[in-house]
Amino acid sequence: MKKRLKRKIEKRRRAEVHRVLDLVLDINGLGRRQEKLTGNLPTAFFRFSGHVANVSVEVCEKGWRANVSADYTSDTYIDRNNLLQMINDLEVMKRVLSV
């Protein structure tokens, strides 16, 4: 039963990471999103650090510009169960940004 529980937990965590990436792609799209190219369209970044099982997200509400901090940042380790908060934040941001 221990193996089964581990697989179930891993499957749930993978689904949560996939949901975060999906929301980032919904906000950003697949194209280039520098402010000088797209105006004030939001730009989102997703970073997965496999060596420490970390997920990091940044969103620039009015497009990315050099030397300007992101409007929203979130950084969490997958085993800390904070991915649901990140998902909720991104869903709200997606609605607010109307993308």
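Quick caveat, the model's predicted, so the values are computed rather than measured. (Residues numbered from 1 in each chain as written. Predicted model: local features only at pLDDT ≥ 70, side-chain atom pairs only at ≥ 80, totals over all residues. Heavy atoms only, no water.)

### Let's talk about the environment of R13
So, step 1. Within the element layout of this structure, R13 appears in helix 1 (residues 2–28).
So, step 2. Separated by 68 residues in sequence, R13 and N81 place their C-alpha atoms 8.4 Å apart.
So, step 3. Other than its neighbours up to four places away in sequence, R13 contacts I78, D79, N81 and L83. (Helix = DSSP H or I, 4+ residues; strand = E, 2+ residues; numbered from the N terminus. Contact = heavy atoms within 4.5 Å.)

### Quick word on the confidence of the model for the protein
So, step 1. When the pLDDT values of the protein are averaged, the result is 88; 92% of them are 70 or greater.
So, step 2. Looking at the elements of the protein, mean pLDDT is at its lowest for helix 2 (residues 35–38), recorded as 66, and at its highest for strand 2 (residues 54–60), recorded as 95. (pLDDT = per-residue confidence, 0-100.)

### Some details on the packing of helix 1 against helix 3 (residues 83–97)
So, step 1. The N-to-C vectors of helix 1 and helix 3 enclose an angle of 20 degrees; their axes lie 10 Å apart at closest approach. Judged by the angle between their axes, helix 1 and helix 3 are roughly parallel. The two elements helix 1 and helix 3 meet at a crossing, and its hand is left-handed. Here R13, E16, V17, R19, V20, L23, V24, D26 and I27 of helix 1 come into contact with helix 3, specifically with L83, L84, M86, I87, L90, E91, M93, K94 and L97. (Axes fitted to C-alpha atoms, helices over the stretch in contact; angles between N-to-C directions. Parallel < 35°, antiparallel > 145°, perpendicular 65-115°, else oblique. Left-handed = near helix turned anticlockwise from the far one by under 90°.)

### Observations concerning the pairing of strand 2
Successive side chains on a regular strand alternate, one facing one side of the sheet and the next facing the other.
So, step 1. Burial within strand 2 is extensive, with six of its seven residues counted as buried.
So, step 2. Pairing geometry for strand 1 (residues 43–49) and strand 2, over seven bridges, is antiparallel. Within the sheet, the bridge partner assigned to R47 lies in strand 2 and is S56.
So, step 3. Here strand 2 pairs with strand 3 (residues 72–77) via six bridges, running antiparallel. Following the sheet pairing, V55 is matched in strand 3 by T76. (Buried < 20%, exposed > 50% of the residue type's maximum accessible area, 1.4 Å probe, protein only. Pairing = 2+ DSSP bridges.)

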